[in-house]
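What the coordinates show
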Amino acid sequence: MASQFLPGDAVAATEDLLQGLTLTDGTPLNIGSIGELEINDDDELVFDPPMVRTRYAGSPVYKSDENQQLNYQDVQHVIELWCYAENLQGKKEQRDDSVDLAGLVLARMAGARLPLSDGSTSEPVRIARVTDFIAIPFGMVYIVHVVVPGIAQFPGSSSQ
């Protein structure tokens, strides 16, 4: 019997898949949750470049008749991957390095299958879109939005 595929499972498996990813010059990336970053006195996130940080961005609402189906397409967890590389040579160089990092993440994530707790794997991860975010004073951050399909199998109430 397949296990439930919960948001934390999708995030943890995504972070595991990104482990070991390096920039083209071999510099290792800081991988983890966006929530692990420090906040400075101005309530701004303190980035730790080069980084890929995950953020669980939600899921479409489950239909009530889908809570026991065994179809991988029933659950779609959306995860954001925040990509930021620092380059002090200039704004253009910083943007270029960050977009190159997003390209590395795209190559690693597109079509990947994430391991599930029962030893099986998810359906292939789909890339939903890539957006940008200006994080003043840091520069440009690119966010890769991925959709992770999983099984909608939840036990529900056992009351009789």
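Structural notes, computed from the coordinates. What you see is a predicted model, and the numbers here were worked out from it, not measured in a lab. (Residues numbered from 1 in each chain as written. Predicted model: local features only at pLDDT ≥ 70, side-chain atom pairs only at ≥ 80, totals over all residues. Heavy atoms only, no water.)

Along its 19 residues, helix 2 (residues 91–109) runs 27 Å from first to last C-alpha, staying within 8% of the 27 Å computed at 1.5 Å per residue. Buried within helix 2 we find Gln 94, Ser 98, Leu 101, Ala 102, Val 105 and Met 109. Within helix 2, the buried residues cover an arc of 100° as seen down the axis, which keeps them to one side. In the segment just after helix 2, Gly 111 is the residue with positive phi, at about 80°. (Helix = DSSP H or I, 4+ residues; strand = E, 2+ residues; numbered from the N terminus. Expected span 1.5 Å × (residues − 1). Buried < 20%, exposed > 50% of the residue type's maximum accessible area, 1.4 Å probe, protein only. Arc of directions from axis to C-beta.)

Once the charged atoms of two side chains with opposite charge are near each other, the side chains can pair. The full count for this structure, using the stated rule, is five salt bridges. Here Glu 36 and Arg 53 are joined by a salt bridge, their closest N and O atoms 3.0 Å apart. Within this pair, whereas Glu 36 is found in the loop between strand 1 (30–33) and strand 2 (38–39), its partner Arg 53 is found in strand 4 (residues 51–58), the two being separated by 17 residues in sequence. By relative accessible area, which is 52% here, Glu 36 ends up exposed. In this structure, the salt-bridge partner of Lys 92 is Asp 96, at a minimum N-O distance of 2.6 Å. Of this pair, Lys 92 and Asp 96 both sit in helix 2, four residues apart, which is roughly one turn of the helix. Look at Asp 96 and you get partly exposed, because its relative accessible area is 31%. (Salt bridge = Lys/Arg side-chain N within 4 Å of Asp/Glu carboxyl O.)

Across soluble globular proteins, nonpolar side chains show a tendency to be buried alongside one another. Counting 26 residues, the largest nonpolar core has Leu 18, Val 52, Leu 81, Leu 101, Val 105, Val 146 and Val 148 as the members making the most contacts within it. Elements represented by at least two residues in this core include exactly helix 1 (7–18), strand 5 (75–84), helix 2 and strand 7 (139–150). When residues in this core are grouped by element, the largest group, five residues, is from strand 7. Excluding residues that lie within four positions of it along the chain, Val 148 makes contacts with Phe 5, Ala 10, Thr 14, Val 75, Gln 76, His 77, Ile 79, Leu 114, Ser 122 and Val 125. Core analysis: the next-biggest nonpolar cluster, separate from the first, contains nine residues, Ile 34, Leu 37, Phe 47 and Ile 143 among them. (Core = buried A, V, L, I, M, F, W, Y, C linked by side-chain atoms within 4.5 Å. Contact = heavy atoms within 4.5 Å.)

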